[in-house]
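# What the coordinates show
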Amino acid sequence: MAYPDFNPLRNRLNMLAEYAYLQQEYGCSDKKIESICQKLKETLEKAETEIRALAPDAALAEKEPNGYDAIHALCDGGNPTANIDDLENKMAGAVFGRFAGCTLGVPVEQWDVPSMKNQALYCGMDFPPKEYWRYVDHPWILQYQVDARTKYSRDGIDGVPVDDDVTYTILGLLIVEKYGFDFITEDVGEFWKEYLPYACTAEMVALDNLRNGIDANYAAELNNPYCQWIGADIRADGFAFAAAGNPHLAARLGYYDAYLSHRRNGIYGEMFFAAAEAAAFMVTDPLDAVLMALREIPRECTLHKDIEWALKIGPTLADYEAAREAVNRRFAGMSAVHTNNNACLVVFALILGRGDFSESISQVVAMGLDNDCTGATTGSIMGAIV
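Here the structure is a predicted model, which is why all the values come from computation and not from measurement.

About the cut-offs
- Residues numbered from 1 in each chain as written.
- Predicted model: local features only at pLDDT ≥ 70, side-chain atom pairs only at ≥ 80, totals over all residues.
- Heavy atoms only, no water.
- Phe/Tyr/Trp six-rings, centres within 6.5 Å; stacked < 30°, edge-to-face > 60°.
- Helix = DSSP H or I, 4+ residues; strand = E, 2+ residues; numbered from the N terminus.
- Buried < 20%, exposed > 50% of the residue type's maximum accessible area, 1.4 Å probe, protein only.
- Patch = residues over 30% accessible without salt bridge, like charges linked within 9 Å, V, L, I, M, F, W, Y side chains within 5 Å.
- Areas by Shrake-Rupley, 256 points an atom, 1.4 Å probe, with all protein chains shown as cover.
- Salt bridge = Lys/Arg side-chain N within 4 Å of Asp/Glu carboxyl O.
- Disulfide = S-S within 2.5 Å.
- Core = buried A, V, L, I, M, F, W, Y, C linked by side-chain atoms within 4.5 Å.
- Contact = heavy atoms within 4.5 Å.
- Axes fitted to C-alpha atoms, helices over the stretch in contact; angles between N-to-C directions.
- Parallel < 35°, antiparallel > 145°, perpendicular 65-115°, else oblique.
- Left-handed = near helix turned anticlockwise from the far one by under 90°.
- Nonpolar A, V, L, I, M, F, W, Y, C, P; charged D, E, K, R; others polar.

With that settled, the discussion passes to the packing of aromatic side chains. A complete count under the given rule lists 18 aromatic pairs for this structure. A ring pair is formed by Tyr168 and Trp192, whose centres lie 6.1 Å apart and whose planes are at 40°; its orientation type is tilted. On the criterion of sequence distance, the pair formed by Tyr168 in helix α7 (residues 164-179) and Trp192 in helix α8 (residues 185-195) is long-range, its members being 24 residues apart. The residues Tyr168 and Trp192 share a single accessibility class, namely buried. For the ring pair Phe183 and Phe239, a centre distance of 5.5 Å and an interplane angle of 35° mean the geometry is tilted.

It is worth spelling out a nonpolar patch on the surface at this point. On the surface, Phe6, Leu9, Leu13, Leu16, Leu44, Ile51 and Leu54 cluster together into a nonpolar patch covering about 600 Å² of accessible area. The dominant element in the nonpolar patch, judged by the number of residues it contributes, is helix α1 (residues 7-25), at 3 residues. Relative to the assigned elements, Phe6 resides in the segment before α1.

Counted under the stated rule, the structure contains 0 disulfides. This cysteine, Cys123, is not joined by any disulfide, and Cys102 carries the nearest cysteine sulfur, 18 Å off. Cys301 provides the cysteine sulfur closest to Cys344, a residue in no disulfide bond, and the two sulfurs are 11 Å apart. Judged by its relative accessible area of 0%, Cys344 falls in the buried class.

Here we come to the nonpolar core. By size, the foremost hydrophobic cluster in this structure holds 106 residues, and its most contacted members are Trp133, Trp192, Phe272, Ile307, Trp309, Phe348 and Met367. Among the elements that line this core, the one with the most residues is helix α12 (residues 265-280), at 11 residues. Residues in contact with Trp309, not counting those within four places in the same chain, are Ala326, Val327, Arg330, Phe331, Cys344 and Phe348. Counting 7 residues, the second largest nonpolar core, distinct from the first, contains Phe99, Cys102, Val162 and Ala376.

Here we take up the environment of Trp111. Within the secondary structure, Trp111 sits in the loop between α5 (87-105) and α6 (113-123). The sequence separation of Trp111 and Asn341 amounts to 230 residues, and the corresponding C-alpha distance is 15 Å. Excluding anything up to four places from it in sequence, Trp111 contacts Met116, Gln119, Asp137, Arg324, Gly368 and Leu369.

Attention shifts here to the pattern of salt bridges. By the definition in use, this model includes 21 salt bridges. A salt bridge links Lys46 to Glu50; the shortest N-O distance between them is 2.5 Å. On the criterion of helical spacing, the pair formed by Lys46 and Glu50 is a turn pair, its members being 4 residues apart in helix α2 (residues 30-52). Residue Lys46 is classed as exposed on the basis of its relative accessible area of 52%. What makes Glu50 partly exposed here is its relative accessible area of 44%. Residue Arg264 is joined to Glu64 by a salt bridge in which the shortest nitrogen-to-oxygen separation is 2.9 Å. Of the two residues, Arg264 is situated in the loop between α11 (247-258) and α12 and Glu64 in the loop between α3 (58-63) and α4 (68-73); the sequence distance between them amounts to 200 residues. Connected through salt bridges with shared partners, the residues Glu131, Arg134, Arg154 and Asp155 form a single ionic network.

The description of two packed helices rests on the angle between their axes and on the distance between the axes. The geometry of α7 relative to α8 is characterised by a closest axis approach of 11 Å and an angle of 120° between their N-to-C directions. The orientation of α7 relative to α8 falls into the category oblique. At the point where α7 passes α8, the crossing takes the right-handed sense. Of α8, the residues touching α7 (which contributes Tyr168, Leu171, Leu174, Ile175, Lys178 and Tyr179) are Asp187, Val188, Glu190, Phe191, Trp192, Glu194 and Tyr195. Residues belonging to the contact of α7 with α8 are distributed by class as follows: 9 nonpolar, no polar and 4 charged.

To continue, consider the side chain of Glu203. Residue placement: Glu203 occurs in helix α9 (residues 201-211). If sequence neighbours within four positions are ignored, Glu203 has contacts with Tyr168, Trp192, Gly231, Ala232, Arg235, Ser261 and His262.

Shown next, in the form of structure tokens:
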């Protein structure tokens, strides 16, 4: 799949804006500039309308349904359940693992690999990082309007600093605490309106739609080009922890949460990682958890095929750089915060980590893309296992 290259168009729009400002400075008529810009606006709106009206591929849509029963009918299923010995210790591992992976990733979230290497050099650290970052950029800027970024540094940490990858874990647990295992998407929507002040991308779209009176079952469908991005799969953990040892239940809980803001592979991402993390309490090899999780998403969906690809080539990869290059080739043009490319990086980290918790989160953060999210998810899986 080749994405259209919008960079030339973005560059041309930026150049147009600068020329408009220049002509304004030269004393050209405001009305003439506004008239030209209005024509451009109308042209862009027409193009957007036409793109949004395009019919999706019908054959692929059949393989990627949005309804729970239709999804379940296309899954292999058959995962076992288990009562978990030493549950409290494993739960502590999963929770602290998420916190650790997230905190390691936040200072370099979405940085490219050369920039992370330079930051490690500046900090006098190994790379991939073997410790929390000694220094962070913009140390006094508030992350999510709460914690100064210095709190994500090795010497600045005095607890678990704020991040959406932590917020949604707590939110998910509170949803289960209030509604039990039979909650539905409408319950999630009501909870969000009461407790979630703001969000990003697909979640912010859904939250705005809810506040504007859109039914929770349709909140993901209005003005939401982000519906296959990573936002749902980072919300999986609370449901996985509540359903530890029961991957199918975890995937079902993840579905009703994801449906509020996502569609198709965005939904499957949360189902997949909820199942993988719930399975991690049952296994000693993280790839066994991955294989169990694959049984909880449609066998012919794009995410399933991408994970199968990652499992196939993962053992041939030497390190984080080879992993990132492989993802760059397969997903060229895909958003850095998409579900599918980041999910493959998690699989690669589980392979390259060879059962070592610290090595696993170190490798996945070094791969980049949405690496506070992938660090947190990798940390949950490995934390439950070790």
